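Close look at the chain arrangement
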Amino acid sequence: MRASDFIHPDDAAALERLRNIPALPSVMKKVFELGYDQIMWSENVTTNLRLGPSQVPEVYNLLPPICRQLGIPVPELYLNMNPLPNSWTSGQDRVYIVITLGLVRRCSDEEIKAALAHECGHIICNHVLYNTLAEAIYSFGDTLMESLIGQAINIVIMKGIRQALNAWQRASELSADRVACMVTSAGTLVRTLAKIERIPCFILQNLNFDAWAAQGEDYELLKNGSAWSKIVRYMANSDMDHPYTPVRVYEAMKWEKSKACVMLKNGLKLIVNGQICPVCGNPLTQGWQFCKKCGAKLQ
Ligand SMILES: [Zn+2]
Ligand SMILES: [Zn+2]
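Residues numbered from 1 in each chain as written. Chains lettered and ligands numbered in written order. Predicted model: local features only at pLDDT ≥ 70, side-chain atom pairs only at ≥ 80, totals over all residues. Heavy atoms only, no water.

1. Brief notes about the pattern of salt bridges
Keep this limit in mind: What makes a salt bridge here is a side-chain nitrogen of Lys or Arg within 4 Å of a carboxyl oxygen of Asp or Glu, nothing more. Each residue is placed in one exposure class: buried if its accessible area under a 1.4 Å probe, protein chains only, is under 20% of its type's maximum, exposed if it is over 50%, and partly exposed if it falls in between. A run of DSSP states H or I qualifies as a helix once it reaches four residues; a run of E qualifies as a strand once it reaches two. Both are numbered from the N-terminal end.
Counted according to the given criterion, the structure contains nine salt bridges. Between D5 and R2 there is a salt bridge, with the nearest N and O atoms lying 3.3 Å from each other. Under the relative-accessibility criterion, R2 is labelled exposed at 55%. Measuring nitrogen to oxygen at the nearest pair gives 2.7 Å for the salt bridge that ties E111 to K195. On the criterion of sequence distance, the pair formed by E111 in helix 8 (residues 109–124) and K195 in helix 11 (residues 186–196) is long-range, its members being 84 residues apart.

In structure tokens form, the structure reads like this:
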């Protein structure tokens, strides 16, 4: 699966705006020169538990089949002991997914798969690059970044970069959610989101997903409203790095009904049934160990 197959239009547009900021390449160069990526990785490997076939296999084993379906190498998977449900992806050179104990405790296997597929969506879209930049800017703060990068980049430019990154991060979540919908379903993703939002079981049991989505749609309609509505929407949004959950619910349910999603989902089914190659899409014949077109190892 390629990012261009499913990228959300807001993600593509925000990425374009981000790439058009003239100071961005020098800021990125500096962040990677400072070794921020390695700092994050060493913090991760010293704090979290690396899962594998012989370490909490009941959770780890959910990941490789998703990666096979999506045609990506299996990233490292770590368990963070935070009691709140959450997941994230990091590591530009050595990509890894982290899920929290709260997610494992509160979610069913299908819901954990939705969270993992969402993270794999970030990997396919190469979101990790700009995410690392956003995290670095957030951790160092504007003033420190300014002194690290030099006088040429002042606080006003940094604020612009930070806001463009926030806008892009919000939109990038919608692309990653689309992958979760395809590997599991919009309903499963919505239940996972509800648990990440810490909605208690007694409400979740009878939660009306359509009404929740309508709430997100109402907010999205501000996009098409008057100039003032657009300002309200911008002000509510500009410092957030994740979109509002009702918007994610609305977008996920809309995407699941789209032609593009149905077609991609059918393709994934053919991969699961061993009928086409997960890497190149070539039709396969039973008994093949490797794809005869691209050489990918088949399971
Ligand atoms: Zn995400
Ligand atoms: Zn192939």
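Next, the rest of the story.
2. Examining the confidence of the model for the protein
To be explicit about the condition: For every residue, the pLDDT score states the predictor's confidence, bounded by 0 at the bottom and 100 at the top.
Scored by pLDDT, the protein has a mean of 87; 89% of the residues are at 70 or more. Confidence, read as mean pLDDT per element, is least for helix 14 (residues 227–237) in the protein (60) and greatest for helix 5 (residues 57–60) (98).

3. Here's the deal with the nonpolar core
Formally: Buried residues of nine kinds, namely Ala, Val, Leu, Ile, Met, Phe, Trp, Tyr and Cys, make up a nonpolar core once their side-chain atoms join them within 4.5 Å. Contact between two residues is taken to exist if any of their heavy atoms lie within 4.5 Å; hydrogens are not considered.
By size, the foremost hydrophobic cluster in this structure holds 50 residues, and its most contacted members are L70 and L116. Among the elements that line this core, the one with the most residues is helix 8, at eight residues. Residue contacts for L70: discarding those within four places in its chain leaves M1, C120, I124, V179, V183, L268 and P278.

4. Observations regarding the coordination of the zinc ion (ligand 1)
So the rule is basically this: For Na, K and Ca the donor cutoff is 3.2 Å, while for all other metals N, O and S atoms count as donors only within 2.8 Å; water does not appear among the atoms, so some sites may look incomplete.
Summarising the metal site, the zinc ion (ligand 1) is bound by the protein donors H118 (NE2), H122 (NE2) and E173 (OE), whose distances to it range over 2.1 Å. Sequence spacing of the donor residues for the zinc ion (ligand 1), all on one chain, is H-x3-H-x50-E. Separated by four residues within a single helix, H118 and H122 lie in helix 8, roughly one turn from each other. Residue class for H122 comes out buried when judged on its relative accessible area of 4%.

5. Considerations on the coordination of the zinc ion (ligand 2)
Angles between donor atoms at a metal ideally measure 109.5 degrees for a four-coordinate tetrahedral arrangement and either 90 or 180 degrees for a six-coordinate octahedral one. Applied cut-off: Between 85 and 135 degrees for all angles marks four donors as tetrahedral; over 155 degrees for opposite donors together with 65 to 115 for all other angles marks four donors as square planar and six as octahedral; every other arrangement is irregular.
Surrounding the zinc ion (ligand 2) are the protein donor atoms C277 (SG), C280 (SG), C291 (SG) and C294 (SG), at 2.2 to 2.4 Å. Taken together, the four donor atoms coordinating the zinc ion (ligand 2) span angles of 104 to 117° at the metal, a pattern that classifies the geometry as tetrahedral. Of note, the zinc ion (ligand 2) draws all its donor residues from one chain, in the sequence arrangement C-x2-C-x10-C-x2-C. Judged by relative accessible area, which is 1%, C277 ranks as buried. For C280, a relative accessible area of 32% corresponds to the partly exposed category.

6. A word on unusual backbone geometry
Within the chain, N126 stands out as a residue other than glycine whose phi angle is a positive 55°. With respect to the helices and strands, the residue N126 is situated in the loop between helix 8 and helix 9 (128–149). Exposure remark for N126: the relative accessible area of 41% places this residue in the partly exposed category. The backbone of R198 shows a phi angle near 65°, a positive value even though the residue is not glycine. Relative to the helices and strands, R198 is located in the loop between helix 11 and helix 12 (201–204). For R198, a relative accessible area of 55% gives the class exposed.

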